[in-house]
Amino acid sequence: MLCSLIVSKTVHANQLELSVMVGQMFGSDLVASDNSDISTDSGSNIAIGIAWEENVNGQGQVLLNRVSHDFVGENAENNSLDITYAHFNGVALFRQQNYVTTLSLGFGGAYFDADQGGDEVYPSASVAFGTRYEFSKQVALVTELRAYATLIDEDDAMFCQQELCSANFKDSLWIDSSITVGIAYKF
């Protein structure tokens, strides 16, 4: 379904744009069985976006973003939580000559993969505020602040192996926020 949507949109699009961004992502905390907090670190993230021009002031975009959060679990061992976001975004462009302010809203899914445990897919949404400085009609420097909200099952035993759990989700809403910088190329 995803491939057919992308293909149908790209056939009708005037221009495609490929964005590659890197940055830092800050995530929610986890909780131990005694309800004490387990902090997750800020992980480096990489994002790849494919956008098509809907009109002069708007784009559609498919965005993939990956991050790995490290934490020390109840078992006092180093653990990691890898998250891959896949979102369809609508991007509003507010132009001021070569400088563009962007506002984006996206919906999709998040694939959670615990290093010592299981993996799950959850629904998620994102909102972003960004800037673009266009060096030419094809190349732009992009910056972005993005927040992801993922609806999770807090009773999920994702961080458990057999009867031993290294952590649990704190709430039913997982929040990740990122700051990224990158390059966008239109072709």
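Residues numbered from 1 in each chain as written. Predicted model: local features only at pLDDT ≥ 70, side-chain atom pairs only at ≥ 80, totals over all residues. Heavy atoms only, no water.

### Here's the deal with empty space enclosed by the protein
Here is step 1 of the chain: Inspection of every chain in the model, using the stated rule, returns 3 cavities of 30 Å³ or more.
Here is step 2 of the chain: In this structure, the largest cavity spans a volume of roughly 160 Å³.
Here is step 3 of the chain: Looking at the largest cavity, it is lined by 15 residues, and the ones nearest its centre are Gln61, Thr102, Arg132, Val142 and Glu144.
Here is step 4 of the chain: Elements that contribute at least two residues to the lining of the largest cavity include exactly strand S1 (16-27), strand S5 (58-72), strand S6 (78-96), strand S7 (99-114), strand S8 (119-134) and strand S9 (139-151).
Here is step 5 of the chain: At 4 residues, S9 tops the list of elements feeding residues into the lining of the largest cavity.
Here is step 6 of the chain: Grouping the amino acids of the lining of the largest cavity by side-chain chemistry returns 4 nonpolar, 7 polar and 4 charged. (1 Å grid on protein atoms, 1.4 Å probe; cavity = no way out; pocket = protein on both sides within 12 Å on 5 of 7 lines; lining within 4 Å. Points joined across faces, edges and corners; volume = space filled by probe spheres on them. Helix = DSSP H or I, 4+ residues; strand = E, 2+ residues; numbered from the N terminus. Nonpolar A, V, L, I, M, F, W, Y, C, P; charged D, E, K, R; others polar.)

### Looking at the layout of surface pockets
Here is step 1 of the chain: Taken as a whole, the largest pocket holds about 180 Å³ of empty space.
Here is step 2 of the chain: Forming the walls of the largest pocket are Gln15, Arg95, Asn98, Glu134, Ser136, Lys137, Gln138 and Lys186.
Here is step 3 of the chain: Across the lining of the largest pocket, the residue classes tally to no nonpolar, 4 polar and 4 charged.

### Regarding the pattern of salt bridges
Here is step 1 of the chain: Under the definition given, this model contains 7 salt bridges.
Here is step 2 of the chain: Lys170 is the salt-bridge partner of Asp37, the closest N and O atoms lying 3.0 Å from each other. Taken as a pair, Asp37 in strand S3 (residues 37-38) and Lys170 in the loop between strand S12 (168-169) and strand S13 (173-186) lie far apart in primary sequence, 133 residues in all.
Here is step 3 of the chain: Between Glu134 and Arg132 there is a salt bridge, with its nearest N and O atoms 3.9 Å apart.
Here is step 4 of the chain: Since its relative accessible area comes to 7%, Arg132 is described here as buried.
Here is step 5 of the chain: Residues joined in a network through salt bridges with shared partners are Glu17, Arg95, Arg132 and Glu134. (Salt bridge = Lys/Arg side-chain N within 4 Å of Asp/Glu carboxyl O. Buried < 20%, exposed > 50% of the residue type's maximum accessible area, 1.4 Å probe, protein only.)

### Regarding the side chain of Thr40
Here is step 1 of the chain: The topology assignment puts Thr40 in the loop between S3 and strand S4 (43-55).
Here is step 2 of the chain: Residue Thr40 is classed as buried on the basis of its relative accessible area, which comes to 12%.
Here is step 3 of the chain: In this structure the side chain of Thr40 is engaged in a polar contact, spanning 2.8 Å, whose partner is the backbone oxygen of Ser28. (Polar contact = N/O pair within 3.5 Å; in protein donor to acceptor, adjacent residues only side chain to side chain.)

### Considerations on the nonpolar core
Here is step 1 of the chain: Membership of the largest hydrophobic core comes to 26 residues, with the highest contact counts inside it found for Phe112, Phe159, Phe169 and Trp174.
Here is step 2 of the chain: Among the elements of the structure, S1, S5, S6, S7, S9 and S13 are those that each provide at least two residues to this core. (Core = buried A, V, L, I, M, F, W, Y, C linked by side-chain atoms within 4.5 Å.)

### Some words on unusual backbone geometry
Here is step 1 of the chain: Its identity is not glycine, yet Asn35 carries a phi of approximately 70 degrees, on the positive side.
Here is step 2 of the chain: Examined against the element boundaries, Asn35 turns out to sit in the loop between strand S2 (30-31) and S3.
Here is step 3 of the chain: Since its relative accessible area comes to 63%, Asn35 is described here as exposed.
Here is step 4 of the chain: In this model, Gln97 sits at a positive phi of 60 degrees, which is unusual for a non-glycine residue.
Here is step 5 of the chain: Mapping Gln97 onto the fold places it in the loop between S6 and S7.

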